[in-house]
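A look at the structure
Here is what each chain is made of, one letter per residue.
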Amino acid sequence: MFEKVLIANRGEIALRIHRACREMGIKTVAVHSTVDANAMHVKLADEAVCIGPAPAKDSYLNKAAIISAAIMTGADAIHPGYGFLSENAEFAEMVEAHGITFIGPSPKMIRMMGDKVTAKKAAIESGLPVIPGSEGEVKTVEDALMWGEKIGYPVIVKAAAGGGGKGMKVAHNPSEMADAFTLAKNEAKSSFANDVVYIEKYLQTPRHIEIQILGDNYGNVVHLGERDCSLQRNHQKVLEESPSPALNPEQRKQIGEIAANAMKKLGYSNVGTIEFLYENGQFYFLEMNTRVQVEHPITEAVTGVDIVRDQIRVSSGAVLGYKQEDIHFNGYAMECRINAEDPETFVPWPGKIGQWHVPGGLDVRVDSGMYAGYTVPPNYDSMVAKLIVHGRTRNGVLMRLRRALEEFVIEGIRTTIPLHQKIIADPEFIDGQYNIHWLEQFLAENKKKSE
Ligand code: ADP
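Sequence order sets the numbering: in each chain, residues are counted from 1 along the sequence as written. Reporting of local features is limited, given that this is a predicted model, to residues whose pLDDT is at least 70; pairs of side-chain atoms are given and counted only at 80 or more, and all residues count toward the totals for whole chains, interfaces and linings. Each side-chain value is worked out from all heavy atoms of the structure, with water and hydrogens disregarded.

DSSP bridges decide pairing: two strands pair if at least two such bridges lie between them. By definition, any uninterrupted DSSP run of H or I lasting at least four residues is a helix, any uninterrupted run of E lasting at least two residues is a strand, and each is numbered from the N terminus. Spatially, the 8 strands line up as an open sheet ordered β13-β12-β9-β10-β11-β14-β19-β17, and their pairing is antiparallel. The sheet terminates laterally at β13 (282-289) and β17 (364-367), the two strands that pair on one side only. Within this sheet the neighbouring strands show an average axis-to-axis angle of 25 degrees, counted without direction. The pairing of strand β14 (residues 332-339) with strand β19 (residues 383-391) spans 8 bridges and is antiparallel. Along β19, the bridge assignment pairs Arg337 with Lys386. Lines fitted to C-alpha atoms define the axes here, with helix axes fitted over just the stretch in contact, and angles between the N-to-C directions of these axes take values from 0 to 180 degrees.

Further remarks concern the nonpolar core. Nonpolar core, defined: a set of buried Ala, Val, Leu, Ile, Met, Phe, Trp, Tyr and Cys residues in which side-chain atoms within 4.5 Å join the residues together. For each residue, the accessible area found with a 1.4 Å probe, counting protein chains only, is set against the maximum for its type, and the residue is called buried under 20%, exposed over 50%, and partly exposed in between. Residues Leu387, Ile423 and Phe429 are the most contacted members of the largest nonpolar core, which totals 42 residues. It is helix α12 (residues 394-407) that provides the largest number of residues to this core, a total of 5 residues. Contacts are residue-level and defined by heavy atoms, with any inter-residue pair within 4.5 Å sufficient. Those residues within four positions of Ile423 in sequence are excluded, and the remaining contacts are Leu231, Val238, Leu239, Phe429, Trp438, Leu439 and Phe442.

The subject of this paragraph is the packing of helix α3 (residues 63-73) against helix α4 (residues 89-97). α4 packs onto α3 with a crossing angle of 30 degrees between their chain directions and a minimal axis gap of 11 Å. Classified by the interaxial angle, the pair formed by α3 and α4 is roughly parallel. In this structure, the crossing between α3 and α4 has a hand that is right-handed. Between α3 and α4, the contacting residues are Lys63, Ile66 and Ile67 on the first element and Glu90, Phe91, Met94 and Val95 on the second. Residue classes in the contact of α3 with α4 are distributed as 5 nonpolar, no polar and 2 charged. Put simply, angles under 35 degrees are roughly parallel, angles over 145 are roughly antiparallel, angles from 65 to 115 are roughly perpendicular, and the rest are oblique. The sense of a crossing depends on the near helix, which, turned anticlockwise from the far helix by less than a right angle, makes the crossing left-handed and, turned clockwise, makes it right-handed. Three residue categories are used. Nonpolar comprises Ala, Val, Leu, Ile, Met, Phe, Trp, Tyr, Cys and Pro, charged comprises Asp, Glu, Lys and Arg, and polar comprises the others, including Gly.

With respect to topology, 5 strands assemble into an open sheet ordered β3-β2-β1-β4-β5, the strand pairing being parallel. Looking at the sheet topology across the chains shown, the edges are occupied by β3 (47-52) and β5 (101-102). Note that strand β2 (residues 27-33) and β3 share 5 bridges and pair parallel. Each residue of the ladder has a partner; that of Val31, found in β3, is Val49.

Shown next, in the form of structure tokens:
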């Protein structure tokens, strides 16, 4: 087992990793930018190294500074968390070249899954159902039009290097294709320095359902069930739940097995999430994330598996130690992502936190690096807390979530708590009747009502 792990991230996930390490008797090294000197994970870590100024490109994305910090402190592994360098194959290679373990899958897997064109190819080869679309890259508007005809409109033009919902444009008919193609290509180039795009059928009312995978270096792979992440704004997840209200146990077992078998076939190890769109009883592979995800705690709540702990264990070469039949699904869980944003306009609202009181009680978990008097910097993602609630029934979870949101006190900044309160009070949401467009329609209707 590792003796010392460097955490190459910030915020709640840095704290989450620190906690797992602490419970395993592993020492931690925090790295931070100048504006994060007072962050909670920096205070709690055994050692801390400042790796640069506030802009992420100079600190949390500064590969040389992070690896130097690991060498200097004698860390034997680096945990990248999510975002930043977590899916950067070159970084993983650099880490390993310095004799340090990268806590994640092999650079080869990261590279393959990081490019959506090669990922889709691997998905097809390993037996995962995919969305009908172009066979690989689409290079010209003429080819795009040809694929539009072949697949049938509407279609979506997507960046191979895409992430965070960027570089995606829908064409509803041939007259929209030239614009969609050019816009997606330009956005891909400016956001990812890679203008490769491809085309697939645009599904109109799908749900976003993803399967959590966990595997070791010896071919053992299990799935930990699904998460329904259909509640999205600008292709970004807002509230997640597990299990999905759309699946029955038989469907859950089936897609879980398909996903786990595909990963065995590919020789995938470590944590990973296979994202699917789900429409009319069919699953379609969307992409794979080769890292721990923001919403992993709802899976921890329903399975009792400590995902980050087991990720660290398998990275150190340990065997997984349990089989699929040892995984039992227990109850329901939901997670609200609480952002420092105006709950109606979504304008970011960083600043100094006054009072800070988190809810507690049975089956309530808050993952956050915030505290009273802390100043939320404007330089990073606006998420300030994740509220995770577990219960025996879905209705019980909704009641508990309502109670927990009421108890949450965050003063000094605006947050999206009022938005979550509205969502969980809506009859359609309560019924579990929602798809990936539901939240944006809900927001538009609410706006109209208030005008
Ligand atoms: P990113 O890596 O940017 O998150 P994804 O490929 O995971 O991109 O897609 C993000 C979201 O965009 C999906 O959850 C879904 O809402 C929407 N989306 C992507 N592809 C399609 C598609 N073919 N049809 C309908 N919606 C899509």
